[in-house]
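# Topology and contacts: notes
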4 protein chains.
Amino acid sequence: MPFEALNVGLIGAGRIGRVHAHNLTHFIPTADIGCVADERLGAAEECARENRIERAVADYRAVLDDPTVDAVMICSSTHTHARIIEEAAQAGKHIFCEKPIALSLPAIDAALAAVDRAGVKLQIGFNRRFDPNFSRVRDAIVGGEVGQPHLLHIISRDPSPPPIAYVKVSGGIFLDMTIHDFDMARFLIGAEVEEVYTAGGVMVDPAIGAAGDLDTALVVLKFANGVVGTIDNSRQATYGYDQRVEVFGSGGAIRTDNDYPNNALLSDAHSVRRDLPLHFFMERYTASFVNEINAFVDAIVNDRPAPVTGVDGRAPVVMGLAARRSYDEGRPVRLAEVEAQPTPRG
Amino acid sequence: MPFEALNVGLIGAGRIGRVHAHNLTHFIPTADIGCVADERLGAAEECARENRIERAVADYRAVLDDPTVDAVMICSSTHTHARIIEEAAQAGKHIFCEKPIALSLPAIDAALAAVDRAGVKLQIGFNRRFDPNFSRVRDAIVGGEVGQPHLLHIISRDPSPPPIAYVKVSGGIFLDMTIHDFDMARFLIGAEVEEVYTAGGVMVDPAIGAAGDLDTALVVLKFANGVVGTIDNSRQATYGYDQRVEVFGSGGAIRTDNDYPNNALLSDAHSVRRDLPLHFFMERYTASFVNEINAFVDAIVNDRPAPVTGVDGRAPVVMGLAARRSYDEGRPVRLAEVEAQPTPRG
Amino acid sequence: MPFEALNVGLIGAGRIGRVHAHNLTHFIPTADIGCVADERLGAAEECARENRIERAVADYRAVLDDPTVDAVMICSSTHTHARIIEEAAQAGKHIFCEKPIALSLPAIDAALAAVDRAGVKLQIGFNRRFDPNFSRVRDAIVGGEVGQPHLLHIISRDPSPPPIAYVKVSGGIFLDMTIHDFDMARFLIGAEVEEVYTAGGVMVDPAIGAAGDLDTALVVLKFANGVVGTIDNSRQATYGYDQRVEVFGSGGAIRTDNDYPNNALLSDAHSVRRDLPLHFFMERYTASFVNEINAFVDAIVNDRPAPVTGVDGRAPVVMGLAARRSYDEGRPVRLAEVEAQPTPRG
Amino acid sequence: MPFEALNVGLIGAGRIGRVHAHNLTHFIPTADIGCVADERLGAAEECARENRIERAVADYRAVLDDPTVDAVMICSSTHTHARIIEEAAQAGKHIFCEKPIALSLPAIDAALAAVDRAGVKLQIGFNRRFDPNFSRVRDAIVGGEVGQPHLLHIISRDPSPPPIAYVKVSGGIFLDMTIHDFDMARFLIGAEVEEVYTAGGVMVDPAIGAAGDLDTALVVLKFANGVVGTIDNSRQATYGYDQRVEVFGSGGAIRTDNDYPNNALLSDAHSVRRDLPLHFFMERYTASFVNEINAFVDAIVNDRPAPVTGVDGRAPVVMGLAARRSYDEGRPVRLAEVEAQPTPRG
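Residues numbered from 1 in each chain as written. Chains lettered and ligands numbered in written order. Predicted model: local features only at pLDDT ≥ 70, side-chain atom pairs only at ≥ 80, totals over all residues. Heavy atoms only, no water.

### Topic: the overall build of chain A
Just so we agree on the cut-off: The helix and strand labels rest on DSSP assignments: H or I over at least four residues marks a helix, E over at least two residues marks a strand, and numbering proceeds from the N terminus. The globule rule used here is 2.2 Å times the number of residues to the 0.38 power, and the radius of gyration it is set against is calculated over C-alpha atoms. We call two residues contacting when some pair of their heavy atoms lies within 4.5 Å. Where accessible areas are quoted, they stem from the Shrake-Rupley method and a 1.4 Å probe; at the residue level, only the protein chains shown are allowed to cover. The charge count includes Lys and Arg as positive and Asp and Glu as negative, but it does not include His or the ends of the chains. For this purpose, a charge sits on NZ of Lys, CZ of Arg, CG of Asp or CD of Glu.
Looking only at helices and strands, chain A features 14 helices and 15 strands. On C-alpha atoms alone, chain A measures out to a radius of gyration of 20 Å, which is about the 20 Å that the 2.2 N^0.38 rule sets for 346 residues. Across chain A, the fraction of contacts at a sequence separation of at least 24, relative to all contacts at a separation of at least 6, is 70%. Of the accessible surface of chain A, which amounts to about 12100 Å², a share of 51% is contributed by carbon and sulfur atoms. Across chain A, 33 positive and 46 negative side-chain charges occur, with their mean positions spaced 2 Å apart.

Here it is in structure tokens:
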């Protein structure tokens, strides 16, 4: 092993950055965080204190300039991802970057080109691939347990919508929320999507519509290998986070249910019932966040391919742009159209 | 009650006709079958013998001419439905007719006009409305248990495809198989569908494709009240008959599972498992067939509206024609288009 | 087949008698009821009318004297069972008798001796053996799916206690309610019980205790083949009828759940839940009542052994007497003790 | 808070000791391990290295002599527990001790007396109380969700028996395995057990019988408040670790299922199935081990009562001794008997 322990620089000490900091510190014996950066220096310092990180800085460039840093984790605001990827690649650092790389294809392509030139590893933070339920489904498909896949369904509903202020800068539901499901679709089926068709609307909160976005969406996916799939999104499920998939194939079907805080079943004079599912992604996807960082560190330390590549980061953005165009124009949209003529938003 | 016992004439003694004959004889104390007709006289006679029906004839007109017959059940071949409806209506008989009324809108419209003129009751055999699982979902929606519906999913997969000879005369998957799901969609949501979009293909058997049909379909439904839904159809699920629905709304969600021959759960060194679901519609929908005939008899005897009307029989045919056009042309199709210009097939 | 259709005489037109009458009339094509007797002649006549039975009488001896009657079903009060069995056997009729044969071993033994002398068939009404869930468990054991059985658990709870007047004449919880579970235990394990130990008490209603009975019981069973089992009884489960079993063995385990009126699962802001189980035995064991009569008719018509014999009717009474003695004396009681010295109650 | 961070000394660096070391180091910010002792010094050193513990020693007395140590965790062999508790109490250390305190009541009583004299806190390692499923059941009982408890069932089966060498020194199934279930019974019902009755035998491996032990046990518990319960134990469940409880009461019932590595449900031509449950206690009770240490640290730091006391550690040993006596003598045994005359084994 060429590394005693991988030295990771953390860029961004917000919610997800601190989750990664905790996991790296406590569960990944082969890596240490040597430095944490956040433009809000106080946040960086608090994160450093919590995780016994030696150095906290405001400017991420200090992380990139540190020759002892082997790899960076980019957990800053979305609009900074592409630029920092480019700079980190130029600095020769391996890169883990939260999704999405960017909301614009030229920005993504520039970032990926820089990574290619530098020959560093890049992993995108599609953590759900590392969830035990979904990885079991992927294993079933790869292992032939359901035969040749025919149909795919993804249900992905949030417990409640984000603040309107966030909705306005989020890139819209398809690039903010569905993007995880686009990745899940590609991951499970192992093929590219060629065409999408979107139905949906504003059913949860008119303010989301006023902000130019949808809150309820149904996206049909046509894959290159003939599989047809759907994604069902809502910004508000009263019963909490609803995250399920089903794959049907020539040999059978596999489906997952939600995860719950306990499995107790209560029967009384009214009903037979259980408690609500784990409320949101921090509870539901706890294990996946550890697993993805483990995979990232392993890819570097053992020089294996990153399990979620730059291409995997780009494709869902194309799908998101196509899904929005389909919704706006009320027709199926081929991804090739978006490649030929990205939207201004993109 | 104006009837001592309703005198029903059965037209068609094939598989479904005999199911109805058995149910009427054994479970519906307020009705009797006085006569059964089948162009294969032997079939009529066997049905009569099994159910202690006094009279068996080859020509259904003998049933219509019998002044003691109050109502007829039309269980003959699809291509005869519309004509017999017209004749039965002219004869002043109340009518139960298996789905579909016809594969052509003009034929349907002529039949419904005859029913209207005669003032008789007409009920269409969409038995799944009377299944305890689906009627529980409908009750939840009507009772506000899931709030305002937003999204609907129907899974409807057969255990194995019908013979190719049947496929060729079936009217295609949308009018033969999906038609039940189109009805279920309207029944559950309680609103009309305005537009459909179809994806799918030939994934099970190329011979089905060679016959001009699909075997795997995904239909998106846009309802007039804004609800968006999907129907998932396959002609072949290795694990048997797969019949489930899910409705998601502002207040929550409700979903059904399959029915099973038993609920035993076996754990051994390999897995935790149960037996396969009830294999096909005769096993799965047993109760629904009794319930629908009960409702038909009740509608006549107590002069209530039929619970599944001629309009309910017509709408799914329009949806089926639109779904096929959508598949052929690769675009969403509004039902109004089909009304304006029915396909030649129709 | 020596019988065109088996001619059955029904003795007792109370609740369970009428269930059998309906099932025989509508589901068993190989048998007819030629006569029904009930000391309340009106009840017999109403039953006859409902099921098109030609003859209704007050005195069951008229049934026994009818030479056209092949078999009788004894559904009268418990205290008449043993005597009518003897008389029916002497009259050469095959016999189906509701449980228990009697509450006293000498009475049972006299009845069984009469059956033996007459060489007629006798089947006892332990309908639960014919329930699809429990028969699936039995199949698993016979088929070796759980290996050699080690442990057995039976949960059997009623939705609410019977009237105190009934409790007083019922023979007590062990002979009235647990008797079904004693039979289930022998049926599933396929071996005899040698010793029982009972714990329990009066937890539901002090009036049951005042009547000399328990309402909550836990019975431990030691089988001759080494299996150890438990029976859990309560006279009152707020959520309805609770009927489950579990068998654990060297190769695995199998367990059953309750049956439900539908399988819809509702998620809202409070819980994920389903409707209560089927409320009581008429709903839960509907299929088993048809199946057991089918088996009885089949045993006679095809001259096969009755599937639930006189010995099967006697053994649970011994177990019930032993269970009560164990409870009274606070110690394990071997069944051989009861055989040697039946209680006065017995 | 009187402690900056609680300084914990770990005694015993075997399997469970290392689990606690990891959890204390990574999940309990309010505590640090300052020293680890194991008579196998290498084990102590390895544990220290893994968890960045400053000091590793062979003799636990060095931990007790360290004035900076606030509390100790006793994870050494069972036969050392009572003695180290006494010494730690004399040294003024708060104490967490793995179960059982000892296999003999006089030894336990001496240890508890020392704790009382010293006024330190003592918590026993019954981690299952802190499992989310079982704590949910306890909450339901405390919160009145099932009314007044009547019946309790605990299923507790291991995936495979321990080595015979271990069986011989384990104290027997009741003190080694059932002891957890005895504690669970007291925890859930919140009352003391007064009498036990044991059935069971050697069904898994004759060598266990040859070692004087059982491998399959059924224990009936009579609680002081009238509740009746059962514990079902097997040393070998082919499908893995089987850990479930059910409590039935006047208002309803609550039951738990096993935990699984994922919730994917696979349907194919053979069955509808899922993967086996989490295999053994390290996987199944992961969270409970963290939770119990959290509770221990919290009890000291915030001067609250320990949630599992010395009395809680003693009672299951009495129950285990009584259960064995009941098995040996084939009769119910009151716990008062054991108190009056402990077995030589005890």
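Now that the structure has been shown, we can carry on.
### With respect to the interface of chain B and chain C
How large an interface is tends to be reported as the accessible area lost when its parts come together. The test is simple: Salt bridges, as used here, are contacts in which a Lys or Arg side-chain nitrogen is within 4 Å of a carboxyl oxygen on Asp or Glu. Each polar contact in these results corresponds to two N or O atoms within 3.5 Å; when the atoms are within protein, one needs to be able to donate a hydrogen and the other to accept it, and residues that are neighboring in sequence are counted only if both atoms are side-chain atoms. All amino acids are sorted into three groups, where Ala, Val, Leu, Ile, Met, Phe, Trp, Tyr, Cys and Pro are nonpolar, Asp, Glu, Lys and Arg are charged, and the leftover types, Gly among them, are polar. A pair of strands is labelled paired if DSSP reports no fewer than 2 bridges between them.
Each side of the interface is counted separately: chain B has 30 residues, and chain C has 30 residues. Residue aspartate 275 of chain C is joined to arginine 136 of chain B by a salt bridge in which the shortest nitrogen-to-oxygen separation is 2.6 Å. Joining chain B to chain C, the criterion identifies 16 residue pairs in polar contact (both at pLDDT 80 or more). When residues of the side of chain B that touches chain C are traced back to their parent elements, those giving at least two are helix 1 (15-27), helix 6 (132-142), strand 12 (252-255) and strand 13 (265-268) of chain B. When the residues that make up the side of chain B that touches chain C are grouped by side-chain class, the tally is 10 nonpolar, 11 polar and nine charged. Sheet topology places strand 12 of chain B next to strand 13 (residues 265-268) of chain C; four bridges connect them, and they run antiparallel. Of the residues in strand 13 of chain C, the one forming a bridge with alanine 253 of chain B is serine 267 of chain C.

### Section: the sheet that holds strand 6 (residues 122-124) of chain D
All names here are of chain D. The condition is simple: All axes here are fitted lines through C-alpha atoms, helices being fitted over the stretch that makes contact, and every angle between N-to-C directions spans 0 to 180 degrees.
Sheet architecture is open: six strands sit in the order 3-2-1-4-5-6, paired in parallel fashion. In the strand order of this sheet, the two ends are held by strand 3 (55-57) and strand 6, each with one partner. When strand polarity is set aside, the average angle formed by the axes of neighbouring strands in this sheet is 20°.

### Considering the relation of the copies chain B and chain C
Each of the two chain copies can be generated from the other by rotation about an axis followed by a shift along it. What counts, and what does not: The fit set for superposing copies consists of C-alpha atoms from residues with pLDDT of at least 70 in both; the fit itself is least squares.
Taken as rigid bodies, chain B and chain C are interconverted by a rotation of 180° and an axial shift of 0.0 Å, the fit giving an RMSD of 0.0 Å. Both copies are brought into coincidence by an operation consistent with a two-fold rotation axis. Minimal C-alpha distance to the rotation axis in chain B is attained by histidine 26 of chain B, lying at 2.7 Å.

### Quick word on helix 5 (residues 105-118) of chain B
All names here are of chain B. Quick reminder of the rule: By this rule, a helix spans an expected 1.5 Å times one less than how many residues it contains. The buried label goes to any residue with under 20% of its type's maximum accessible area, the exposed label to any with over 50%, and the partly exposed label to all in between, with areas taken from a 1.4 Å probe on protein chains only.
Between its first and last C-alpha atoms helix 5 spans 20 Å; for 14 residues at 1.5 Å apiece the expected length is 20 Å, and the two agree. Here helix 5 has its buried residues at Leu105, Ile108, Ala111, Leu112, Ala114 and Val115. Turning to helix 5, the residues buried within the fold contact helix 4 (78-90), strand 5 (94-97), strand 6 (122-124), helix 13 (310-329) and helix 14 (335-340). Where helix 5 begins, one side-chain oxygen reaches toward the backbone nitrogen of alanine 107, 3.2 Å away; that side chain belongs to serine 104. At the exit of helix 5 stands glycine 119, carrying a positive phi of roughly 70°.

### Comments concerning the interface of chain B and chain A
Stated precisely, the cut-off is as follows: Buried area: the sum, over both parts, of the accessible surface (1.4 Å probe) that disappears when the two are put together.
Between chain B and chain A, the contact holds 38 residues from the first and 38 residues from the second. Carbon and sulfur atoms supply 62% of the area that chain B and chain A bury against each other, a total of about 2900 Å² over both sides. Counting the contacts that link chain B with chain A gives six salt bridges. Arginine 244 of chain A is the salt-bridge partner of glutamate 246 of chain B, the closest N and O atoms lying 2.7 Å from each other. For the pair chain B and chain A, the number of links is 14 residue pairs in polar contact (both at pLDDT 80 or more). Here the side of chain B that touches chain A is built from residues that sort into 14 nonpolar, 14 polar and 10 charged.

### Focus on helix 13 of chain B
A turn of α-helix holds 3.6 residues, and therefore any two residues three or four places apart point the same way. Residues and elements named next belong to chain B. When the terminal C-alpha atoms of helix 13 are compared, their 29 Å separation across 20 residues agrees well with the 28 Å that a helix rising 1.5 Å per residue should span. Extensive coverage of helix 13 is indicated by the burial of 16 of its 20 residues. Looking at where helix 13 begins, the residue whose side-chain oxygen comes 3.3 Å from the main-chain nitrogen of valine 311 is threonine 309. Once helix 13 ends, the next one or two residues include glycine 330, with phi positive near 65°.

### Regarding the environment of arginine 244 of chain B
Locating arginine 244 of chain B in the fold gives a position in strand 11 (residues 242-249). We classify arginine 244 of chain B as buried; its relative accessible area is 8%. Taking C-alpha positions, arginine 244 of chain B is 27 Å from histidine 270 of chain B, a pair spaced 26 residues apart along the chain. Aside from chain neighbours lying at most four places away, what touches arginine 244 of chain B is Glu246 and Arg255 of chain A together with Phe134, His153, Ile154, Ile155, Arg157, Thr256, Asp257 and Asn258 of chain B.

### Thoughts on unusual backbone geometry
All names here are of chain A. Following lysine 99, the chain continues to proline 100 via a peptide bond in cis, the omega torsion being -15°. Mapping proline 100 onto the fold places it in the loop between strand 5 (94-97) and helix 5 (105-118). Backbone geometry places aspartate 303, a non-glycine residue, at a positive phi of 50°. Along the chain, aspartate 303 turns up in the loop between helix 12 (286-301) and helix 13 (310-329).

### As for the packing of helix 1 of chain B against helix 1 (residues 15-27) of chain C
Keep this limit in mind: Crossings are sorted by hand: turned counterclockwise from the far helix by less than a right angle, the near helix makes the crossing left-handed, and turned clockwise it makes it right-handed.
Two elements in contact, helix 1 of chain B and helix 1 of chain C, have axes separated by 10 Å at closest approach and are oriented at 150°. Pair helix 1 of chain B / helix 1 of chain C crosses with right-handed handedness. Here His22, Thr25, His26 and Phe27 of chain B of helix 1 of chain B come into contact with helix 1 of chain C, specifically with His22, Thr25, His26 and Phe27 of chain C. Among the residues forming the contact of helix 1 of chain B with helix 1 of chain C, the class breakdown is two nonpolar, six polar and no charged.

### So, the relation of the copies chain B and chain A
Aligned on chain A, chain B shows an RMSD of 0.0 Å; the corresponding rotation is 180° and the shift along the axis is 0.0 Å. With an isologous cut-off of 70% or more, the 100% of interface residues of chain B that recur at the interface of chain A puts this contact in the isologous class.

### Considering the packing of aromatic side chains
The following threshold applies: Note on aromatic contacts: the rings of Phe and Tyr and the six-membered ring of Trp form a pair at centre separations within 6.5 Å, being stacked when their planes are under 30 degrees apart, edge-to-face when over 60 apart, and tilted otherwise. Over a ring means this: the NZ of a Lys or the CZ of an Arg is within 6 Å of the ring centre and within 35 degrees of the ring normal.
A complete count under the given rule lists 28 aromatic pairs over all chains for this structure. With 6.3 Å between their ring centres and 80° between their planes, tyrosine 239 of chain A and phenylalanine 248 of chain B make a pair best called edge-to-face. In this pair, tyrosine 239 of chain A sits in the loop between strand 10 (228-234) and strand 11 (242-249) while phenylalanine 248 of chain B sits in strand 11, so the two residues belong to two different chains. Residue classification places phenylalanine 248 of chain B among the buried positions, given a relative accessible area of 0%. Here tyrosine 241 of chain A and tyrosine 285 of chain A contribute two aromatic rings whose centre-to-centre distance is 5.9 Å and whose plane-to-plane angle is 85°, an arrangement assigned as edge-to-face. Of this pair, tyrosine 241 of chain A sits in the loop between strand 10 and strand 11 while tyrosine 285 of chain A sits in the loop between helix 11 (281-284) and helix 12, placing them 44 residues apart in sequence. Pair check on accessibility: tyrosine 241 of chain A and tyrosine 285 of chain A agree, each one buried. Aromatic ring contacts, followed pair by pair, group Phe134, Tyr241, Phe280, Phe281 and Tyr285 of chain A into a single cluster. Sitting over the face of the ring of tyrosine 260 of chain D, arginine 274 of chain D holds its NZ or CZ atom 3.5 Å from the ring centroid.

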